[in-house]
Each structure stands twice: as C-alpha cells, then as structure tokens.
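Take a look at the letters that make up each chain.
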Amino acid sequence: MASNPIPVEAATSTPEIDISQYTPVTEGKATILFPKGNEVFYNPVQEFNRDMSIAAIRTWSELFLAEKQARIEKKINNAKDEKAKKAAEEKLSHYVNTQSFTILEALAASGLRSVRYAKEIPKLKQVVANDLEAEAVESIRRNVKYNNLSEELVRPNQGDAMQVMYSAIGEAKKYDVVDLDPYGAASPFIDGAVQAVSDGGLLCVTCTDLAILTGSMHPETCFGKYNGMPLKGMFPHEMALRLVLNTLQTSAGRYRRYIVPMMSCSIDFYLRVFVRVYTSPQGVKQAASKTAIMYECSGCHSYAVQPLGKIQHKENGQERHCPGTGPPVDEKCRNCGHTHHIGGPAWGASLHDKEFVSKMLQHVKENESNYGTHQRMKGMMTVISEETDAPLYWTLQRLCGTLHCTSIPMVDLFSAILNAGYKVSVSHCGPATIKTDAPSEIVWDVMRAYVKKKPVVMSNIAENSPARAILAKEPSIKVDFTRHPDAKSESKTIKLVRYQQNPTPNWGPKARAGKKRKQDDQ
C-alpha cells in the first residue's frame, strides 16, 4: 500500500503569477486560475462529479484506515512471542501517528480536482496530478502555488497516464486511490488502473462516451472498447454501468484481483463508478457468477438475466463453481412472441454497497456547507439507497407505449407489484423507471389489469403489434391496486432533488482540451 512518496518528475519553480492574465474560478475550497478566453478546462456542470468524488473518498478513507489499524491490532493479539508483539505495537503506534493515504489523478488537466482533494480531504499524504500536456502541467503548478499548497502535497507530473500507472506496480508504490476522468472512454486506462491501486484501495472511473455505452450508435465500437454489447431499448444507462463494471472486473481478474462496487452512478452525460479493488484468487473465482448475459425482447422490451456461472455450496462448506444453466427465455418472447436481443457480458451483481452509500449520505448531511451541490447529492444518494438490487429496469414510457394505453400512475403500478409480493423501486437512472424482482409475466399482468380499467382502442393497433399478443392473454394473478404503504418512497415524500434539471443552455461535455488553442494558433 502506498505510504512512501511516489517517484515522479520533479516540479520546477513557478514564476510570480500575473493575475491580470487569468480568470479566477472558485469551487469548494479551491480557487483555480484559467487563462482568459479559454473555457476548455473548466466545466461547472462537473462540480457535482467532483463533490461526489470528495465525499466518496472521505467515506472510503475512514473505512480503509480503520481496516488497516484493525489488521495491525490483530497481529498484536496473535503475536507468538514478546518480540513479535512489541514489533507490532511499534508499527501500530507509528501508523496511528502517521496514518495517511495517496491519490493519483491520472488525467488532471487544470488540477482543479487535485487541488480540491488536497484542501478538502483529511489525512491525505500526497496527490499526484498527472497530465500528458505541458500546458496542463504548467496550469497545475500555477494553481498549486495560487492555493498556497506545497508540491509535496500536490505533486505535478507530466507523463503518459498508462506509464505512470504501470510504473506504480509493486507492493510499496501503489496508490491508495486512482482517479480516472478522461475525455471519452476510460477503457484504454483500465488495465493500468486496476494494477496501480493498492489492496482495498478505491478506483474512481468516469466515462463520457455514453452514446457508445448506451447503444445509441455503433454497438460494435462498444464491444471493441468494453468487450460487451449494449442494449438501448429499456434500460440503456444501467446497462452502460454494468458494461463498465464488467470491464473493470475482467481486467482485474487477470492479476488475481476482484472489484466490489461501492456506488455506481449514471449522471447527466456521463457515468461515474467507485469500486474497491482487492487481491484474492478466491474472489476472482466468484466473478463468473457475477457476470451475466442480458436478454431484451425486440417487441415488448421484456428482459431476463442469465448468469454465466453459479456457485454450489457443499455440505462441508466448500464452494463448487459451475457453468450457469439456461437460457431463462424461450426462442420467442413468452409475452409477445418476438425475438430477443442479446447484450453483455455485463456485471450481474449489485451496483452499490448500501452500507457505504448510507455512510456517504450521512457525511454529506453533516457537511452540507462543504459541497456546492449538496442538495442533488443527497437526492441521488437517497434514491440509490432505496434501489432494489434487482438488475435492470422498466420505463413507464415503454410499458404504456407498448400497449398504446394511457399512462398508469406510478403509485398504482408500485402498489400492484408490492401487493403481489415483489420488491419495487425507481432507479437513479431516471424518474419514470421501475426496478423490480417481479418477472415480466407479472408486470404485464398488472398492465393487463390496468387496461381493463382504461381500455385501449384495438382498431388502432397493428395486427403484428406486441400489444395484441399481450392483451389477448388474461392475467395469471389477481391484481390488487390497493394503495400500498411503501408505494411512495421517502425520497419523493420529502421533496428531494432526485433528478437533474438542465442547469444551463447548451450544457454538456466541453470541447476536448487543446482544440481551441490549436485553432487560435492557426
């Protein structure tokens, strides 16, 4: 684990700063200087990303440092002789007085994120702010100096991100946190990142290539980058999260490592995942049972999940790993008779660690003044904490659109599913989403019962429409629309900012760094 300074390129002295040449921008406790007329480096919409990252790292660091202390205390209790016990006690005493951790921001740009980390995260020993561009490294040095930070705490480094991460491979040199926030796909950097992070460390990954990951365009490109096929019909944003998590696990598994997702977020025009990385051959063996193929009907968009592996538990407590059995669907959809699209392989296990999310949410509530986007942070984390672990989700628009019926009130739909004995929640990926462990047949039973109350005009529906096949069947259960006490979530009851509204006109990802400069030079 990283406790020694990371060897990087030495910082050069920075001349006095002519403030008149720059526009100061304050975010959190950091004030960053941007060259006047250059809007490439700063995107105010990404403040939410940086706020969430700081809160996640602070929450993780408390767990990480406490676990490290517990391991040392265990060595003291298990010491075989007085000499071993004294050595462990000295190690514990040194650790308690110097406990700290390191961060690598592999693609630092202006250094805003690194400066905020240094000023807002306690017990941080060093953050290495790396970028390939000389102009970006110059900006990092300028902003480190302007914020009265030492280059020992925020270490500017010019280098290729992959080379920097590969050079950290080795027990004493790994970073405790590796932060990847690239322009576009994170896939080129993942192999280095899963090796450069320390055991139990935190890997923070952003992907802004959602057009690829959600299948909106070029699914073959998504497969080339992330080794999985996207599905764009009903649940594209959660599918994108699962494709990225599977890429992380696949890369980590090559090095006897496995991931544990702490929180996985679909946000605006990008996604952000926080995962812990551990070294354990036994943990890697379980990866197949956490990997799945997703089936989505091309007609009614019903879906099913097929794990690639399964674990059988023997009487003596040992585990036996076997191929999964399936498929969970027929050749044609049981509901409407159409064929299926196949997506994945993708992550099939939980997207979040609910205990971690709860701790992070409590931290934000207790430190609202530290986060400019705390209202939205509380809203998103509350929705995530309420999510059921069932993979994927339905959308109200697709459900009602398939049957050409009026929109069913969400509270009625949720009540019917809950009264049938299943779990249901919304997804943080969108406001009109339905995450449930109810099979597709039950969901369509509920919709059939609703259509009996609010009939559709069948003459307006095409003969080969999925609606005709679905509505031709009678419900297999007695659907009860009686209002269920859990049909309305706490996050909706207390009026939280659960989903982002458009913050500014023409908002989204900024231009790639360097484009404006090159145009000006021409």
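None of the values given here were measured: they were computed from a predicted structure.

Conventions adopted
Residues numbered from 1 in each chain as written. Predicted model: local features only at pLDDT ≥ 70, side-chain atom pairs only at ≥ 80, totals over all residues. Heavy atoms only, no water. Pairing = 2+ DSSP bridges. Helix = DSSP H or I, 4+ residues; strand = E, 2+ residues; numbered from the N terminus. Disulfide = S-S within 2.5 Å. Buried < 20%, exposed > 50% of the residue type's maximum accessible area, 1.4 Å probe, protein only. Axes fitted to C-alpha atoms, helices over the stretch in contact; angles between N-to-C directions. Parallel < 35°, antiparallel > 145°, perpendicular 65-115°, else oblique. Left-handed = near helix turned anticlockwise from the far one by under 90°. Contact = heavy atoms within 4.5 Å. Nonpolar A, V, L, I, M, F, W, Y, C, P; charged D, E, K, R; others polar. Phe/Tyr/Trp six-rings, centres within 6.5 Å; stacked < 30°, edge-to-face > 60°. Lys NZ or Arg CZ within 6 Å of the ring centre and 35° of its normal. Patch = residues over 30% accessible without salt bridge, like charges linked within 9 Å, V, L, I, M, F, W, Y side chains within 5 Å. Areas by Shrake-Rupley, 256 points an atom, 1.4 Å probe, with all protein chains shown as cover. Salt bridge = Lys/Arg side-chain N within 4 Å of Asp/Glu carboxyl O. Lys, Arg positive; Asp, Glu negative; His and termini not counted. Charge placed at Lys NZ, Arg CZ, Asp CG, Glu CD. pLDDT = per-residue confidence, 0-100.

1. Some words on the pairing of strand E11 (residues 303-307)
Step number 1: Pairing between strand E10 (residues 291-297) and E11: five bridges, direction antiparallel. When the sheet's bridge partners are listed, Ala292 is paired in E11 with Pro307.
Step number 2: Counting the residues in the hairpin turn of E10 and E11 gives five residues, including His301, whose phi is positive at 65 degrees.

2. Some remarks on the state of the cysteines
Step number 1: In total, this model carries zero disulfides according to the counting rule given.
Step number 2: Free of any disulfide, Cys297 has its nearest neighbouring cysteine sulfur in Cys336, separated by 3.3 Å.
Step number 3: There is no disulfide at Cys400, and the cysteine sulfur nearest it, in Cys405, is 4.2 Å away.
Step number 4: Given a relative accessible area of 6%, Cys400 falls into the buried group.

3. Quick word on the packing of helix H11 (residues 354-366) against helix H12 (residues 374-386)
How two helices sit against one another is set out by the angle between their axes and by the gap between those axes.
Step number 1: H12 packs onto H11 with a crossing angle of 155 degrees between their chain directions and a minimal axis gap of 10 Å. Taken together, H11 and H12 sit at an angle that is classed as roughly antiparallel. In terms of crossing hand, the pair formed by H11 and H12 is left-handed. Contact residues: H11 offers Lys354, Val357, Met360, Leu361, Val364 and Lys365, while H12 offers His374, Met377, Lys378, Met381, Thr382, Ile384 and Ser385.
Step number 2: Considering only residue class, the contact of H11 with H12 consists of seven nonpolar, three polar and three charged.

4. Some words on the packing of aromatic side chains
Step number 1: Going through the model one piece at a time under the given rule, you end up with seven aromatic pairs.
Step number 2: Both rings, one in Trp60 and one in Phe101, keep their centres 5.3 Å apart while their planes meet at 85 degrees; by these two values the pair is edge-to-face. With Trp60 in helix H1 (residues 47-77) and Phe101 in strand E3 (residues 101-105), this residue pair connects regions lying 41 residues apart in the sequence.
Step number 3: What makes Phe101 buried here is its relative accessible area of 0%.
Step number 4: Ring geometry for Tyr258 versus Tyr278: centroids 5.5 Å apart, planes at 25 degrees, classification stacked. A residue pair is termed long-range when its members are at least 10 positions apart, and Tyr258 in strand E8 (residues 257-267) and Tyr278 in strand E9 (residues 270-279) qualify at 20 residues.
Step number 5: Tyr278 gets classed as partly exposed once you look at its relative accessible area, which sits at 22%.
Step number 6: Members of the aromatic cluster, each reached through a chain of ring pairs, are Phe235, Tyr303, Trp394 and Trp444.
Step number 7: Here Arg376 stacks its cationic end above the ring of Phe48, 4.3 Å away from the centre of that ring.
Step number 8: One cation-aromatic arrangement involves Lys453 over Phe481; the distance from NZ or CZ to the ring centre is 4.6 Å.

5. So, a negative patch on the surface
Step number 1: A surface patch of negative charge is lined by Asp81, Glu82, Glu89 and Glu90.
Step number 2: By the element assignment, Glu89 lies in helix H2 (residues 82-98).
Step number 3: The class of Glu89 is partly exposed, set by a relative accessible area of 37%.

6. Remarks on the pattern of salt bridges
Step number 1: Tallied over the full model, the rule gives 20 salt bridges.
Step number 2: Its salt-bridge partner being Glu238, residue Lys435 comes within 2.9 Å of it at the nearest N-O pair. Here the residue Lys435 occupies a position in strand E17 (residues 430-436), and Glu238 occupies one in helix H9 (residues 236-253), the gap between them amounting to 197 residues.
Step number 3: On the basis of relative accessible area, Glu238 is assigned to the buried category, the value being 1%.

7. Description of the sheet that holds E9
Step number 1: One open sheet accounts for seven strands, arranged E5-E4-E3-E6-E7-E9-E8; its pairing is mixed. Lying at the two open borders of the sheet, with one neighbouring strand each, are strand E5 (154-158) and E8. Pairwise comparison of adjacent strand axes, ignoring direction, gives a mean angle of 15 degrees for this sheet.
Step number 2: The sheet contact formed by strand E6 (residues 175-180) and strand E7 (residues 197-207) spans five bridges and is parallel. Bridged to Val177 within E7 is Leu202.

8. Description of the confidence of the model for the protein
Step number 1: Per-residue pLDDT for the protein averages 89, and the proportion of residues at 70 or more is 89%.
Step number 2: Note on residues 1-14: pLDDT is under 50 here. Beyond four places in sequence and across chains, it has 42 contacts.
Step number 3: Here residues 515-522 is a poorly scored stretch, pLDDT under 50, and it has four contacts once near neighbours within four places are set aside; other chains count.

9. Things to note about helix H6 (residues 187-196)
Step number 1: Across the ten residues that make up H6, a large majority, nine, are buried.
Step number 2: For H6, the full list of buried residues reads Ser187, Phe189, Ile190, Asp191, Gly192, Ala193, Val194, Gln195 and Ala196.

10. Notes on unusual backbone geometry
Step number 1: With an omega of 5 degrees, the peptide bond running from Gly326 to Pro327 counts as cis.
Step number 2: By the element assignment, Pro327 lies in the loop between strand E13 (319-323) and strand E14 (340-347).
Step number 3: Here Gly344 and Pro345 are connected by a cis peptide whose omega angle stands at 5 degrees.
Step number 4: Secondary-structure assignment places Pro345 in strand E14.
Step number 5: The residue Asn148 is not glycine, and still its phi comes out positive at about 60 degrees.
Step number 6: Position of Asn148 among the secondary structure elements: in the loop between helix H4 (134-146) and E5.
Step number 7: Given the relative accessible area of 72%, Asn148 is considered exposed.
Step number 8: Residue Arg256 is not a glycine yet carries a positive backbone phi of 60 degrees.

11. Quick word on the pairing of E9
Step number 1: Counting buried residues in E9 gives eight out of ten residues, a clear majority hidden from the surface.
Step number 2: Across seven bridges, the pairing between E7 and E9 is antiparallel. Paired with Leu203 across the bridge in E9 is Val275.
Step number 3: As defined by bridge partners, E8 adjoins E9 across ten bridges and the pair is classed as antiparallel. From the neighbouring strand, Pro261 faces E9, where its bridge partner is Val275.

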